[in-house]
Amino acid sequence: MGLYIGVMSGTSLDGLDIALIKQDSRSTLVASHYLPMPAGLRAELLALCSSGPDELARAAIAEQQWVEIAAQGILSILHQESLQPSEIRAIGSHGQTVRHEPSRGFSVQIGNPALLAERTGITVVSDFRRRDLAAGGQGAPLVPTFHQALFDDGRTHRAILNIGGFSNLTLIQPDQPVRGFDCGPGNVLMDAWIQCKQGLDFDREGQWALKGRIAPALLDSLLNTPFFKTNGPKSTGRELFNLNWLAQHLACLPEMPAEDVQATLLELTARSIIESLRAAQEKTDELLVCGGGAHNRALMNRLAELLPSDRVATTAAYGLPPDWIEAMAFAWLAHCCLEGIPANCPSVTGAKGLRILGAIYPA
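This one's a predicted model, so the numbers in the text were calculated from it and none came from an experiment. (Residues numbered from 1 in each chain as written. Predicted model: local features only at pLDDT ≥ 70, side-chain atom pairs only at ≥ 80, totals over all residues. Heavy atoms only, no water.)

**Side note on the overall build of the protein chain**
Helices and strands together make up the secondary structure of the protein chain, namely 13 helices and 12 strands. Rg of the C-alpha trace for the protein chain: 20 Å, near the compact-globule value of 21 Å for 363 residues, within the 12% margin. Dimensions of the protein chain, computed from C-alpha atoms along their principal axes, come out at roughly 60 × 50 × 40 Å. Here the contacts in the protein chain between residues at least 6 apart in sequence split such that 68% fall between residues at least 24 apart. (Helix = DSSP H or I, 4+ residues; strand = E, 2+ residues; numbered from the N terminus. Rg over C-alpha atoms; globule rule 2.2 N^0.38 Å. Contact = heavy atoms within 4.5 Å.)

**With respect to the pattern of salt bridges**
Scanning all chains against the criterion turns up 16 salt bridges. Of the charged contacts, one joins Arg 58 and Glu 44 as a salt bridge, the two residues approaching to 3.0 Å between their closest N and O atoms. Of this pair, Arg 58 sits in helix H2 (residues 55–80) while Glu 44 is found in helix H1 (residues 39–47), placing the two residues 14 residues apart along the sequence. Relative accessible area serves as the criterion here: at 22%, Glu 44 is assigned to the partly exposed category. For the salt bridge of Arg 311 with Glu 286, the shortest nitrogen-to-oxygen distance reads 2.5 Å. With Arg 311 in strand E11 (residues 311–314) and Glu 286 in strand E10 (residues 286–290), this pair connects stretches of sequence that are 25 residues apart. Each of Asp 153, Arg 155, Arg 158, Glu 286 and Arg 311 takes part in one network of salt bridges that share partners. (Salt bridge = Lys/Arg side-chain N within 4 Å of Asp/Glu carboxyl O. Buried < 20%, exposed > 50% of the residue type's maximum accessible area, 1.4 Å probe, protein only.)

**Considerations on the UniProt feature "binding site: ATP" (unreviewed entry) in the protein chain**
Per the UniProt record, "binding site: ATP" (unreviewed entry) is annotated on Gly 10, Thr 11, Ser 12, Leu 13, Asp 14, Gly 15, Leu 16 and Asp 17. Topologically, Asp 14 is positioned in the loop between strand E1 (2–9) and strand E2 (15–23). Given a relative accessible area of 41%, Asp 14 falls into the partly exposed group. In this view, Asp 14 contacts Tyr 34, Pro 36 and Met 37; residues no more than four positions away in its chain are not counted. In this structure the side chain of Asp 14 is engaged in a polar contact, spanning 2.9 Å, whose partner is the side chain of Ser 12. Mapped onto the elements of the fold, Asp 17 is located in strand E2. (UniProt positions renumbered as here; feature names shortened; annotations may be inferred. Polar contact = N/O pair within 3.5 Å; in protein donor to acceptor, adjacent residues only side chain to side chain.)

**Description of the packing of aromatic side chains**
Aromatic ring pairs: the centre-centre distance and the angle between the two ring planes describe each pair. On inspection of all chains with the given rule, the structure shows eight aromatic pairs. Seen from their ring centres, Phe 241 and Trp 245 are 4.9 Å apart, and the 85° between their planes marks the pair as edge-to-face. Across the pair, Trp 245 and Phe 241 agree in class, each one buried. In textbook terms, an aromatic cluster arises when at least three aromatic residues are bridged by ring pairs, as seen for Phe 166, Phe 227, Phe 228, Phe 241 and Trp 245. The ring of Phe 227 has Lys 234 sitting right over it, with the charged end atom 4.4 Å from the ring centre. (Phe/Tyr/Trp six-rings, centres within 6.5 Å; stacked < 30°, edge-to-face > 60°. Lys NZ or Arg CZ within 6 Å of the ring centre and 35° of its normal.)

Laid out in structure tokens, this is it:
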């Protein structure tokens, strides 16, 4: 038991989420801190998602820069809460994913946990995915067990939807094993397209998408991607869904307004989520949304339209701010590692069995 810090840097590459939790019988958010990703580091991390020259050395340098930012944020939250490093049991650091290819048996997160332990004076638990992968799993998503701990009341058929760069679902049903999987792109394509066409980091509240019209031919072409036809366990990343992938589909169609492409990408995100949910869980009473996508009003409204008989809300409805759920999850995963508690979910990842996740770097 005690205080833990979780650090999450997602596929959107917008910044680092840092959450301080108190862990006893439940996880309680004590404080939070956000640090935007510097533009130069963001560009380098994005470049490292694809093969390139001297990438091993570049990755080593980039992760040192990432650690300096993470350490700054952690020390800031300690100062904010008048805490000493010795009062924090551990940091759970997800690191920054630069490659995720479970079909080839690997997923790479950079983040130099040894250096983070040195900079903060706090034990760091990191490298959460590799043990699940070694056991034959996808290595992701890892948060469904945390979602279950937070939201399983033993009565409600509930789905927890995280919309970051990519979207993933956790399915919670009474007296059933928790299930979950990646649905496909969340914000990643919408962010990339508006950056390409308007130089903006993201489409605030989906306002640009609302100016366009859905292009049925493009939507059908995108949804015909084999990933959307498969059932879980499954996970994905920028290796599949990226601007080059989108360009290949656009090249086969007449030119269309850029805002129509954005509207279609928003529909792709919404449709892939709801179709995945319907295929996997016959009854859903409530869909709870967390992650950055919870702030996209157009996307939230579209999810509600596609799921008219169910309640669609953010996790804030239960007093848990949607921006901090994933960072809280990695603080909780650090707790599980130190306590020897298996924290993967074989019904989600496809691993051979329960495993204790994470590698420990003592302070």
